[in-house]
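If you want the building blocks of each chain, they are given just below.
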Amino acid sequence: MKKINSLIRGTLILTAAGFLSRIIGFFYRIFLSHTIGAEGMGIYQMVFPVFSISFSITGAGIQTAISRFVAAERTKKFSFFLSGLTLSLMLSAVMASFLYRASDIIAVRFLMEARTAPLIRILAFSIPFESIHCCVNGYCLGLKKAEFPSATQLVEQTIRVSSVFAVYYIILSRNMEPTISVAVVGIVFGEFAAMIVSFFFMLKEFLRDRITQFTIQKDLVRILRFSAPLSCNRVVINMLASLEAIHIPNSLRLYGLSDSEALSIYGVLTGMALPMILFPGAITNSISVMLLPEIAEAEASRNTTHIKKAIDKTIRCCFCLGLLCTAGFLITSSFVGRTFFNNELAGTYIRALCFICPLLFMASPLTSILNGLGQTTRTFFINLISLGIRLAFVYFAIPHMGINGYFCGLIVSEIAGIVILLFFLRKYM
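First, a word on scope: everything that follows refers to the structure included in this document. (Residues numbered from 1 in each chain as written. Predicted model: local features only at pLDDT ≥ 70, side-chain atom pairs only at ≥ 80, totals over all residues. Heavy atoms only, no water.)

## Observations concerning the overall build of the chain
In terms of regular secondary structure, the chain is built from 18 helices and zero strands. For 429 residues, the compact-globule formula gives about 22 Å, and the C-alpha radius of gyration of the chain, at 21 Å, lands near that figure. Overall size of the chain, expressed as C-alpha extent along the three principal axes, is 60 × 50 × 35 Å. Counting only contacts in the chain whose residues sit at least 6 apart along the sequence, the fraction spanning at least 24 positions is 83%. Charge-centre separation for the chain: the mean point of 36 positive side chains lies 10 Å from the mean point of 21 negative side chains. (Helix = DSSP H or I, 4+ residues; strand = E, 2+ residues; numbered from the N terminus. Rg over C-alpha atoms; globule rule 2.2 N^0.38 Å. Contact = heavy atoms within 4.5 Å. Lys, Arg positive; Asp, Glu negative; His and termini not counted. Charge placed at Lys NZ, Arg CZ, Asp CG, Glu CD.)

## Comments concerning the state of the cysteines
Here the structure, examined in full by the defined rule, presents zero disulfides. The closest cysteine sulfur to the non-disulfide-bonded cysteine 135 is located on cysteine 134, 4.4 Å from its own sulfur. By relative accessible area, cysteine 135 is classed as buried at 0%. As a non-bridged cysteine, cysteine 320 has cysteine 317 as the owner of its nearest cysteine sulfur, 7.0 Å distant. (Disulfide = S-S within 2.5 Å. Buried < 20%, exposed > 50% of the residue type's maximum accessible area, 1.4 Å probe, protein only.)

## Here we look at the environment of methionine 429
In this fold, methionine 429 is placed in the segment after helix 18 (403-424). Overall, methionine 429 belongs to the exposed group, its relative accessible area being 54%. Methionine 429 has contacts with Ile311, Ile315 and Leu422, leaving out every residue within four places of it along the chain.

## Some details on the pattern of salt bridges
According to the stated counting rule, one finds seven salt bridges in the structure shown. Its salt-bridge partner being arginine 160, residue glutamate 156 comes within 2.9 Å of it at the nearest N-O pair. Taken together, the residues span about one helical turn, with glutamate 156 and arginine 160 both in helix 8 (residues 147-173) at a distance of four residues. The two residues glutamate 156 and arginine 160 agree in class, both being buried. Among the ionic pairs, arginine 390 bridges to glutamate 244, the shortest N-O distance being 2.9 Å. With a gap of 146 residues between them, arginine 390 in helix 16 (residues 376-396) and glutamate 244 in helix 10 (residues 216-254) connect regions that are remote in the sequence. (Salt bridge = Lys/Arg side-chain N within 4 Å of Asp/Glu carboxyl O.)

## Focus: the side chain of serine 386
Note that serine 386 resides in helix 16. Judged by its relative accessible area of 11%, serine 386 falls in the buried class.

Dropping the structure here:
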C-alpha cells in the first residue's frame, strides 16, 4: 500500500506540473503561430529532431540508468549520480561543439532546409545545461522525489516563454523584424535556468548528507554498461523519427504541394495539432516516469504481485483516459482550431488524430514498465517496428494520399505497438 501511495503521489505531482507546463506551452504556441506563421512553425519544428538525437546521446539513457541504480541501491546514490553526470557532461561537450561547427552541413544535408542552420548553432549552447538537469532529475526520480523534476519543468518552461516574450518586444521596440531564432533562444535560457536550480538542489543534498567517499570509477562502468545499449537504442529510434519528421514535407512536395504549402502543413501538424492531442499526455507521462523506478524496485525484490497490479491499473486507467480524450477532441476540434490557432486546418487535423488517443496513452506507461523490468531490447524492438510502419507510410502513402497517408500510418503503428507490448507483458497479466 505504501508503494502504491508513493506512486500515486509522485504521479499527481508530476501531472500537476505537466499540465501547468503544457498550459504555458499551449499559449506559447498560439503566440508563435501568430508571430512566425505556419511556415515559420514548420521551420522551427524541424530543429527538434536534432535536439532529440542530441539528448539521446548525452542524457536519455544516462538519466534512466541513474534513476534505476539509485532506486535499487540507495546507499550509493551520490556515487551513481556523479558517475552519470561525468559521463553526460563529457558527451554533451562533444555534441555541442559538433552541432555548432557542423550546423550548415546538418541543415542542408540532413534537415534539407538551409534556414535551420542558425537555429542549430543557437541550440548547441543548450546541450550541456540540459545534460546537468536531466541527471539531477534521474537522481530524484530514483528516490521518488517527484517534486524537484516538477519544479525544474515549470522553471524551464516559464523562463523559456518569458525570455522569448522579452526578446520579442525588445526587437519590436527597436523597429526590427523578429525571426524564428528568437524562439530557439528561449530554449537556451530555459535549459540554463533549469541547470542553475539543479545545481543548488544537489549542493544542498551533498551538504546535508556530507558524503565524502565515492566509488565513481566502478559505478561509472555500471552506468555505462546499462546506459550504452539504451542510448544506442534511443539514438536509432530518434534517427528514424527524425527521418520521419524531415521527409513529411518532402513527401508532401511529391504529392504536388509547393515548398511553402508543405512546410505550412507540417507546421500545423507538428506545431498545433499534435501538441493539442498530446496535451493530456501529461498524465500518462507522469505515470511512466514514476513507474520505472517503482517496477525496478519491485523486480529487484521479486514482488510479482505488485508488478501485476501496476500493469492492470495502467491498462485500465490509460485506456479510459484515451477514450475520454477522443470524445472530447471530436466535439471541440473545430472550436480549438478556429479560436486558439486561427487555423481551420488545425481543427481538421485534431479531429483526424484523436482516434489514436486510447492506444497512444497506453503505450508510454507500458513501455516504461518494460524498461523497469530491464527489458530495454524489447522496447527498442517495439519502437523500431512502430517507426518502420510510420516511415513506410511517409515514403509510400503521403505522395499518393497527402497528409491522410500519415494519419493512416499513425493508427496502424499504434495498433502494432500495443499488440506487441501486451504480448511481451503477458506473463504478468
